[in-house]
Amino acid sequence: MTTLPAPEEGRGWRIGGSPRRIEDARFLTGAGRYVDDHGRPDDAFLVILRSPHPHAVIVASDTAAAASMPGVLAVLTGEAEAAAGFGTFSNRIRRERADGTPMFEPPRHLLARERVRHVGEAVAAIVATSESEARDAADHVVIEYRALSAVTDPALAASPGAPSLWDEQPDNRAFVFRAGDAAATARGLASATHVVRGRFTIPRLAGCAMEARACIAEHDPATHSYTLIVGAQTPHTLRQEIAQRILRIPAERLRVVSPDVGGAFGLKGGDFPEYGLALWAARETGRRVRWRATRSEAFLADHQARDNAWEAELGLDAEGRFLALRARSFAALGASLAYAGTHQATNNLGGLAGPYRTPALHVEAIGVFTNAPPVAPYRGAGRPEATFVMERLVDMAADALGLDRIALRLRNMAPPEAMPFRTGLVYTYDSGDFPGLTRTALAAADWEGFASRRAASAARGKRRGIGFAFAIEIAGGPLEAPLEEHAAVSLDASGRLALRVGTHSHGQGHETAFRQIAAEVLGIAPDAIGFIQGDTSAVAHGRGTFGSRSISTGGSALLGALHAIRDQAQAEAARALEVAPADLEFAAGRFQVAGTDRGMSLVELAARMRPTPGTEPGLSAAITRAPAGPTFPNSAHVCEVEVDPETGEVRILAYLVADDAGRLINPMLAHGQTRGGVAQGLGEALMERIVFDPYGQVLTGSFQDYALPRALDLPDIATLSRGVPTAANPLGAKGVGEGGAVGAPAALVNAVAHAIGAQPALHMPLTAQTIWHALCCASAAKSQSATKEFA
């Protein structure tokens, strides 16, 4: 496989160039400042006491001994929380029960009251002058529990007779969400010549950011205001939630500062009890309070992801054309609802349609309470699950019908001339060339030369397979009304340009990409551009970074603000030079009267202008805007593997992604995002899974038990772009942060299935034990078939 050259090389700091990330100099030299780097020697420390039971009644508690220990400043309990009058966290996406009534939304407090519903739920908080003193005191909090039965599997939790988590929802079925045309789908399946059915298990995952969650809280009694330093993807939204819902104060009395963040992936878009507890502790003690999760604590207390079980069927006619798809999922929600806990189960189901022209689709998602931490969006947030189900069914159909996997896909793909293309399930794609992207990927991966590589592996006693998956996703949504984003820019008389953005960079490279947009519009050198994000007192508004939206939405808002100050400068230049604005040409930061040597620079113009009378000279503009619609980035994935039939070990030999992310601001950054997404998707497919024992105890509580992909587990991931710009935003960008994770699980599993010939029998993660078992089952089935044939 080869990586094709990036488009428009040599453009430097303009749009389409690939300058190295400007922020890397800070990170690589240890100058990054994460939450814990903002700590001070006199900080007090918060430690959380957590439930050891997956489900239990709190019978009694005694904190007196802990409160009297050296260094202890306060012990916080659920009773004290109730007396203080704090509120509960919200569920932002509401669904309905099967009968159409509103879903039950469990109260989510800072500390458990009366019952605990998962191992790791917070039951008390200890504040002390040192972390070790707080941990010692936590050991002396006495809580008496009465254990109850627990259930962690979503399908089992939805079954009759399962242990009930909430009296208000005794069957654990929080909601039933349906999309598509049920009647048309039933007719399509009834008329189909072939129907292929499959069951698929998507494992529960942990976010595992390099920087574990942490926060520092301060309270100012003079102004009755608070400051929270926290790694957050959505600082303004977090401020709103904690201020208004938990503390019950106006949002402007809480400042949220999100500094450098060491990985997030959706995990740090959430609101967590520890943040409210730290603020409460700061108010109670009059001290600055710091909390930082241990890695083992993160496995118990972080929001987790995925964890659903699917049943699906695809109907085809005699020529292999898709007629209908019907699917149902049991989606775990955890013990309560995270800030967007219903999102991954319902909001991206349109991805089931894939790039195909299936006329009728229907899906039913059943949200289920389980004795586990709440689930929340994690890189892909429902998109990988939908793509996995569809792409596995396509391979299974090709195998059952004896058809070529690629030919079957191309036969059913929507062609570019069909754009805008309305699928049979929710989405309307505005642009794309799905067949062209597929052929580009296959050619670059040398799909046609696979047979010789397979023979070479067979000669070494290995089984080689090659898999394909096509991923398409929504970005910059939601579908009905995409969220707005904010950007403000100012140019002072010295020529310094400040960019203030409502998005938040935590690895994506915004400090570089947004400078490129500014350099394109204003011609200002990157070292004269400042970048401000993540501080609710410095940035007026912001929705944050999630859902592959930052460039398409935040970048477009920034583009508008930059054009606004350029327009201001052009009008002033026209007045100063006594010409019409249309007579001016702009290049390299300077307005020039066409055909003359008369002109003025942006810096000269900024020195002449004041935003309002009495203010410092300069130019400024701020824009809050939403895009015209979401975008639909798409990608073709090719994965090649080798399986050792003696051990079941899978070795990934090669991986290639060809993507359509629209117009790329920085191709190098885009390809880096894709590679990172692929790595996480391969980890999900190959090794990652949160495991509970039959009683609800967590068995994967550290990296000794929860496997993450290492460099040696991954090949050199090849990437190339074949973008079709979108008209949904002025940049023509589609989003690129999640596509790698969306397509990788399906591509890898399809490759392994091709290697071992076990289409329906594979469930993620594909550990050596899973593969060895599948090989044994396939061998036994083959022997049984041969015996019957002989008889």
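Keep in mind the model is a prediction, meaning the values are calculated, not measured. (Residues numbered from 1 in each chain as written. Predicted model: local features only at pLDDT ≥ 70, side-chain atom pairs only at ≥ 80, totals over all residues. Heavy atoms only, no water.)

(A) A look at helix H13 (residues 434-444). Burial of H13 is extensive: eight of the eleven residues sit out of reach of the surface. Among the residues of H13, Phe-434, Pro-435, Gly-436, Leu-437, Thr-438, Ala-441, Leu-442 and Ala-444 are the ones counted as buried. Buried residues belonging to H13 abut helix H12 (405-412), strand S17 (428-429), strand S18 (463-472), strand S26 (634-643), strand S27 (650-660) and strand S28 (717-721). Among the residues of H13, the N-terminal cap falls to Asp-433, whose side-chain oxygen and the backbone nitrogen of Gly-436 are separated by 2.9 Å. Just past H13, the residue Asp-446 takes up positive phi, approximately 55°. (Buried < 20%, exposed > 50% of the residue type's maximum accessible area, 1.4 Å probe, protein only. Helix = DSSP H or I, 4+ residues; strand = E, 2+ residues; numbered from the N terminus. Contact = heavy atoms within 4.5 Å. Polar contact = N/O pair within 3.5 Å; in protein donor to acceptor, adjacent residues only side chain to side chain.)

(B) View of the pairing of strand S20 (residues 497-501). Burial analysis of S20 places four of its five residues in the buried class, the great majority of the element. With five bridges connecting them, strand S19 (residues 485-492) and S20 associate as antiparallel partners. Within the sheet, the bridge partner assigned to Ala-488 lies in S20 and is Arg-500. From the end of S19 to the start of S20, which pair antiparallel, there are four residues, and Gly-495 there has a positive phi angle of about 95°. In the sheet, S20 pairs with strand S21 (residues 529-532) via four bridges, with the strands oriented parallel. Within S21, the residue paired with Ala-498 across the bridge is Gly-530. For the handedness criterion, the β-α-β arrangement of S20, helix H15 (residues 510-522) and S21 is classed as right-handed. (Pairing = 2+ DSSP bridges. Right-handed = clockwise from strand over helix to strand, strands pointing away.)

(C) Structural detail: empty space enclosed by the protein. Under the defined criterion, the tally for this structure stands at five cavities of 30 Å³ or more. Looking at the largest cavity, its volume works out to about 90 Å³. What lines the largest cavity is a set of 15 residues, among which Pro-633, Asn-634, Ser-635, Asp-659 and Gly-739 lie closest to the centre. Elements represented by at least two residues in the lining of the largest cavity include exactly S18, S26, S27 and helix H19 (739-756). A per-element tally of the lining of the largest cavity places S27 first, with three residues. Among the residues forming the lining of the largest cavity, the class breakdown is six nonpolar, six polar and three charged. Lining the second largest cavity we find Ala-206, Gly-207, Cys-208, Arg-295, Ala-298, Phe-299, Asp-302 and Gln-304. (1 Å grid on protein atoms, 1.4 Å probe; cavity = no way out; pocket = protein on both sides within 12 Å on 5 of 7 lines; lining within 4 Å. Points joined across faces, edges and corners; volume = space filled by probe spheres on them. Nonpolar A, V, L, I, M, F, W, Y, C, P; charged D, E, K, R; others polar.)

Read these as layout, nothing more, since geometry by itself doesn't imply function.
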